[in-house]
Structure formats: C-alpha cells, structure tokens
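Here are the chains, one letter per residue:
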Amino acid sequence: MSPAGWAWVALLLYLAGLVLAFGVRSWLQIRRTGTSGFRGISGRPGSPAWWGGVLFPIALLLGLAAPALVLAGITAPVLPAHPALAAAGLVVGLAGLVVVLLAQAAMGSSWRIGVDDTERTELINSGLFRSIRNPTFTGMVAVCAGVALMAPTLVAVLALACLIGAAQIQVRVVEEPYLHRVHGDTYTRYAARTGRFVPGLGRIRPAGAKAPLDTGA
C-alpha cells in the first residue's frame, strides 16, 4: 500500500476512535445520567493542571491533522514507506481503540472527561482496571502511536508527545490527588498493587513505607 493509502487507513481509524470514544460515549452518558460527563479543564490558566487539560485537545487535533496533511500533500512522511511498520501501526491502533472502549464500558456512569471536586464517583477496579489504573489513556496513546506509524510525520510525533504529556499531567496532578481525597485508603491500596499506565509500573507505595514504588510510568 502507498503512503497515501496508509494515511487513509490512519485517518479512518482516528475518526472512528473520535466518534466511538467521544461522540457515542457522550451520548450514552447523557442517556444514563443526564450529563455528557465533560467536566472541563482544572486549575488556573498556566498551572500544570490547566496545561494537562489544554494539551489533550491539542493532541487530538494534531493526531487528526497528521494523516490529513499527508493526504493533502502538505507534509510528507519522515520515514520511507515500509508496509511492515505501517501494518504494525494498524494493529497497535486497533488494539488501542479496543482498550479505550473496554475501559469506558467498565467505568459505566463513572466515566468523566476532567474532574469535578464536588463529585464522588465509584472507584473502578474491575476489568482492565485490575491491572492498570488508567487504561483509557493507555489505549489513547496506543491509537496515536499507531497513527504515527502509519503516517510518520513530525505532526504525528508532536501529537503523540502532547498526548503523553497531557496524560501524565492529568493523572499525576489532577486525578490521583482527587482519588486520594475521595477514596482514601481504598485508593491507596489499589494504587499500591496496580500500575499507572502499564501493569506493574507506576505503583504508589503507601505513606510510611521504606521506599517508593512509583517508577515514573
């Protein structure tokens, strides 16, 4: 398949992800709870929490633009066309989308975009959440990485970098402190045995332990 062909595949996969993970999911959330689940951006403008929220839409737009710019002839892939690399990107992207959808389904009515400090949602620790505390972000990064492999441009790499940065900030600065406040020791025990983005990595040792488990992942 030509670079343009793989760019089409990447664009269709990405659009499907946006429709399913955001459009359909928000619609289902409205039907279940009366609200879309969108809670906006946390923190004051310029703060780390604010940047975590702002980087997400930037990453999503760049990820959409990457294959579209290839198809428009505005940017060219920075790597030579390689069917095996592109095919691997398709597999990674599809797997990532499945992970996102499974994670969202497991969250049920607790699914949110952003955090509202006045809410108390259920702590989900079933399904994918048995092994990973943030499988939705893991799946999103996999989709973005798949697109970068199918349409390997600087824009795609920038999208992936922005998404990883956004996920790290959102989880560490916004969501984990919130979950500690809301769920206390229950979350502490859960975080001590469950990886942050991948199984086994990023576990948080309870306060008073001799050495931290947090490996940075």
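This is a predicted model, so every value here is computed, not measured.

With that settled, consider the overall build of the protein chain. When helices and strands are tallied, the protein chain shows six helices and zero strands. Secondary structure elements of the protein chain, listed N to C terminal, follow the sequence α-α-α-α-α-α. By the compact-globule yardstick of 17 Å for 217 residues, the protein chain fits well, its C-alpha radius of gyration being 18 Å. Each principal axis of the C-alpha atoms in the protein chain carries an extent, and together these give about 55 × 45 × 35 Å. Within the protein chain, the proportion of its 217 residues that are buried is 42%. At a minimum sequence separation of 6, the contacts of the protein chain that also span at least 24 residues come to 74%. Carbon and sulfur atoms form 69% of the exposed surface of the protein chain, whose accessible area is close to 10700 Å². Side-chain charges of the protein chain comprise 17 positive and 8 negative groups, with the mean position of each set lying 5 Å from the other.

Let us look at empty space enclosed by the protein. Per the counting criterion, the structure on display carries one cavity of 30 Å³ or more. Here the largest cavity defines a volume of roughly 150 Å³. If you trace the largest cavity, you find 13 residues lining it, with G17, F22, L60, M140 and V143 closest to the centre. When its residues are assigned to classes, the lining of the largest cavity shows twelve nonpolar, one polar and no charged.

Moving on: the nonpolar core. By size, the foremost hydrophobic cluster in this structure holds 20 residues, and its most contacted members are F56, F137, M140 and L163. When residues of this core are traced back to their parent elements, those giving at least two are α2 (48-71), α4 (135-150) and α5 (154-183). Among the elements that make up this core, the one with the highest residue count is α5 (eight residues). Contact partners of F137, with chain neighbours within four places excluded, come to F56, A167, Q170, V171, E175 and F197. The next biggest cluster of nonpolar side chains, apart from the first, holds 16 residues, and it includes V115, L123, Y178 and V182.

Here we take up the confidence of the model for the protein chain. Looking at the protein chain, the pLDDT average stands at 88 and 94% of residues meet or exceed 70. Ranking the elements of the protein chain by mean pLDDT puts helix α1 (residues 3-33) last with 91 and α4 first with 96.

What follows concerns the UniProt feature "transmembrane region" (unreviewed entry) in the protein chain. What UniProt calls "transmembrane region" (unreviewed entry) maps, in this numbering, to residues 6-28, 49-72, 84-103 and 140-167. Secondary structure across residues 49-72 comprises 96% helix and 0% strand; the distance between its end C-alpha atoms is 35 Å. Annotated as residues 140-167, this span is 89% helix and 0% strand, and its ends, taken at the C-alpha atoms, are 9 Å apart.

Tallying each qualifying case throughout the model produces two salt bridges. A salt bridge links E176 to R133, with the shortest nitrogen-to-oxygen separation between them at 2.8 Å. One end of the pair, E176, is in helix α5; the other, R133, is in the loop between α3 (83-107) and α4, with 43 residues separating them in the sequence. A relative accessible area of 5% means that R133 is categorised as buried. Between E176 and R196 there is a salt bridge, and its shortest N-O distance comes to 2.8 Å. With E176 in helix α5 and R196 in the segment after α6 (185-193), this residue pair connects regions lying 20 residues apart in the sequence.

Looking now at the packing of aromatic side chains. Inspection of every chain in the model, using the stated rule, returns three aromatic pairs. For the pair F56 and F137, a centre-to-centre distance of 5.4 Å together with 25° between the ring planes defines the contact as stacked. Taken together, the positions of F56 in helix α2 and F137 in helix α4 put the pair 81 residues apart, joining distant regions of the chain. Note on accessibility: F56 and F137 belong to one class, buried.

Definitions and limits used
Residues numbered from 1 in each chain as written. Predicted model: local features only at pLDDT ≥ 70, side-chain atom pairs only at ≥ 80, totals over all residues. Heavy atoms only, no water. Helix = DSSP H or I, 4+ residues; strand = E, 2+ residues; numbered from the N terminus. Rg over C-alpha atoms; globule rule 2.2 N^0.38 Å. Buried < 20%, exposed > 50% of the residue type's maximum accessible area, 1.4 Å probe, protein only. Contact = heavy atoms within 4.5 Å. Areas by Shrake-Rupley, 256 points an atom, 1.4 Å probe, with all protein chains shown as cover. Lys, Arg positive; Asp, Glu negative; His and termini not counted. Charge placed at Lys NZ, Arg CZ, Asp CG, Glu CD. 1 Å grid on protein atoms, 1.4 Å probe; cavity = no way out; pocket = protein on both sides within 12 Å on 5 of 7 lines; lining within 4 Å. Points joined across faces, edges and corners; volume = space filled by probe spheres on them. Nonpolar A, V, L, I, M, F, W, Y, C, P; charged D, E, K, R; others polar. Core = buried A, V, L, I, M, F, W, Y, C linked by side-chain atoms within 4.5 Å. pLDDT = per-residue confidence, 0-100. UniProt positions renumbered as here; feature names shortened; annotations may be inferred. Salt bridge = Lys/Arg side-chain N within 4 Å of Asp/Glu carboxyl O. Phe/Tyr/Trp six-rings, centres within 6.5 Å; stacked < 30°, edge-to-face > 60°.

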